[in-house]
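Listed here are the chains, written in short residue letters.
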Amino acid sequence: MSLLARSLTKKDFNIPVSRGTSYQLINGRLVAYTDNFTNYLSKGYNINDIVYSIVNLIMDKCRVAPWGIYEVVNEQAYKSLRGMMHKGKWTGEDYFKVLHLYSKALKPATNAGKWGDLIKNPNERCSWNDLIAYGVAYDCLIGNNYTWGSPLSAGANKGVPNELYLMPAQHVNIFSTDTFPARVTKYNVNLWPIVDYKPEEIMHEAEFNPNWDVNGAQLYGVPPLRAALGLLQRNNSSMTASASSFDNEGIKGILHMKGQPGNVDGEVLVQEVNRLKETMISEWSGKENRGRIGLGGYDMGWLPIGLNSEEMQLIESEKWDLRRLCNVFRVSSRMMNDPDNTAEANVEEAEKALTTRAALPRLIKKREAFNRKAVRDWGLDKKYVIDFEMSAYTELGADAKDTASWTSQLVGVVPDEQREQCGIAATNEPLMKEVWVMQGGNRVPLSEFMMNQVDNALNDDPEEDIL
């Protein structure tokens, strides 16, 4: 029996197999794999400017959200908050309603312990916002994201990870049971000598994968670019062809003197051609002759050689590649300087779409994953939640003029709240924190309005004593 055959019979089969080969290690078995995760880096993010730019747009948008450890003080308000965050189209009113729900539903944790430190600096190399952004990049490119945290075994923070690190998602192997439902038994990374990681140490986030098989391949998420592999390859080929056209194009064509062979003496013809060549080099060519008109005393013809980018349809093809790759990641091509989508009116909507369609769904997914894992395996008290705030995404709010307009139509208005919704600091004056109502075409504080009602009632009393 060969060494490989003997190894395959072992119960705990641990041979690191690179995902860059035509085989993959799935559940401890060597399985032929037509696709591999490293392709999305080597053929996508690393060399394709469109993919690189889209992923970084999403990363930057996700990075700005402030995170914290909170205590839920109003369960119903928190449910409403989580529900509203799934909206696809936001109005300014929705945005301010969400901000109000945050203050109503949550309050910062007073004693989050070790988690209070992790939410700021999960490890010595990056901040929490970097951890979120880098994890989003893995989600976009690999369809999988693995966060490692080894829980402390003793002390006041027992069960809480000392640090949190992202693992190289393109090199992580999953082992599982061969029954339904498949249960993960361990993870390892095939870059270095095999070290097994327990399921409770790893938080695995995966994109939806409907492709099941007996080896447990469904446990890996499907990379978004897998559905666009042909498109990615075509765009890479188009860029290669365009670059080759610039580098190796040579002469544009042949300028020739018309004439019937035999009608002109050969030596004379050679002399005339040389004179024409000298004239072209000295008087017609070069940037200093741009726009000038060349004059010649010969009957000449032009024979073009090769095709330019427009004739090869490369530019038009690249425009469509840009839009279709943007669709894969739910990003508007306007954010990628699409030359045919430059209307100024689309800029604001494109920015909102980047937040609502590309960033928020991924942030919500991470919030749910961290809360589930932290409470179950990583020692977070059940009374606390890990969550992010929406205050950084001001593009979802309406402009000050629109906000002032619709809030002024309300029956009662709190001036300080109206100022804050318009992006103006509150005055914190007692009267400005009251509800103001209409009286005689003007707004007055509710306390003054009620006093006026009392005064009017007294003035209208027919039994009032007259001194």
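Just so it is clear, the structure is predicted and the values come from calculations on it, not from any experiment. (Residues numbered from 1 in each chain as written. Predicted model: local features only at pLDDT ≥ 70, side-chain atom pairs only at ≥ 80, totals over all residues. Heavy atoms only, no water.)

(A) Geometry of the overall build of the protein. Tallying secondary structure elements over the protein gives 14 helices and 14 strands in all. Just so you have it, the protein exposes about 26,900 Å², and 53% of that area is on carbon and sulfur atoms. (Helix = DSSP H or I, 4+ residues; strand = E, 2+ residues; numbered from the N terminus. Areas by Shrake-Rupley, 256 points an atom, 1.4 Å probe, with all protein chains shown as cover.)

(B) Focus on the pattern of salt bridges. Enumeration according to the criterion identifies 14 salt bridges in this entry. With a shortest N-O distance of 3.1 Å, R63 and D130 are connected by a salt bridge. Here R63 is found in helix α3 (residues 49-63), whereas its partner D130 is found in helix α7 (residues 128-141), with 67 residues between them in sequence. Accessibility expressed as a relative area gives 23% for R63, which makes it partly exposed. A relative accessible area of 19% places D130 in the buried class. (Salt bridge = Lys/Arg side-chain N within 4 Å of Asp/Glu carboxyl O. Buried < 20%, exposed > 50% of the residue type's maximum accessible area, 1.4 Å probe, protein only.)

(C) Structural view of the packing of helix α4 (residues 75-84) against helix α5 (residues 92-105). The N-to-C vectors of α4 and α5 enclose an angle of 145 degrees; their axes lie 9 Å apart at closest approach. Regarding α4 and α5, the two cross each other, and that crossing is left-handed. Taking contact as the criterion, the partners of A77, Y78, S80, L81 and M84 in α4 are, on α5, D94, K97, V98, L101, Y102, K104 and A105. Per-class residue counts for the contact of α4 with α5 are eight nonpolar, one polar and three charged. (Axes fitted to C-alpha atoms, helices over the stretch in contact; angles between N-to-C directions. Left-handed = near helix turned anticlockwise from the far one by under 90°. Contact = heavy atoms within 4.5 Å. Nonpolar A, V, L, I, M, F, W, Y, C, P; charged D, E, K, R; others polar.)

(D) Structural view of the confidence of the model for the protein. When pLDDT is averaged along the protein, the result is 78; 72% of the residues meet or exceed 70. Note on residues 1-22: pLDDT is under 50 here. Beyond four places in sequence and across chains, it has 43 contacts. (pLDDT = per-residue confidence, 0-100.)

(E) Quick peek at unusual backbone geometry. The step from F180 to P181 runs through a cis peptide bond, and the omega angle for that step is -5 degrees. On the secondary structure map, P181 appears in the loop between β7 (172-176) and β8 (184-189). Even without being a glycine, R330 presents a positive backbone phi close to 60 degrees. In this fold, R330 is placed in the loop between α10 (314-328) and α11 (345-376). By relative accessible area, which is 42% here, R330 ends up partly exposed.

(F) Summary view of the sheet that holds strand β6 (residues 165-166). What the three strands build is an open sheet, ordered β6-β5-β9; its pairing is antiparallel. The sheet is open, and its two edges are formed by β6 and β9 (202-206), each paired on a single side. Direction of pairing for strand β5 (residues 144-148) relative to β9: antiparallel, over a ladder of five bridges. Residue pairing across strands places N145 opposite E205, the latter belonging to β9. The sheet strands contacting α7 are β5, β6 and β9, and the helix crosses β5 at an angle near 145 degrees. (Pairing = 2+ DSSP bridges.)

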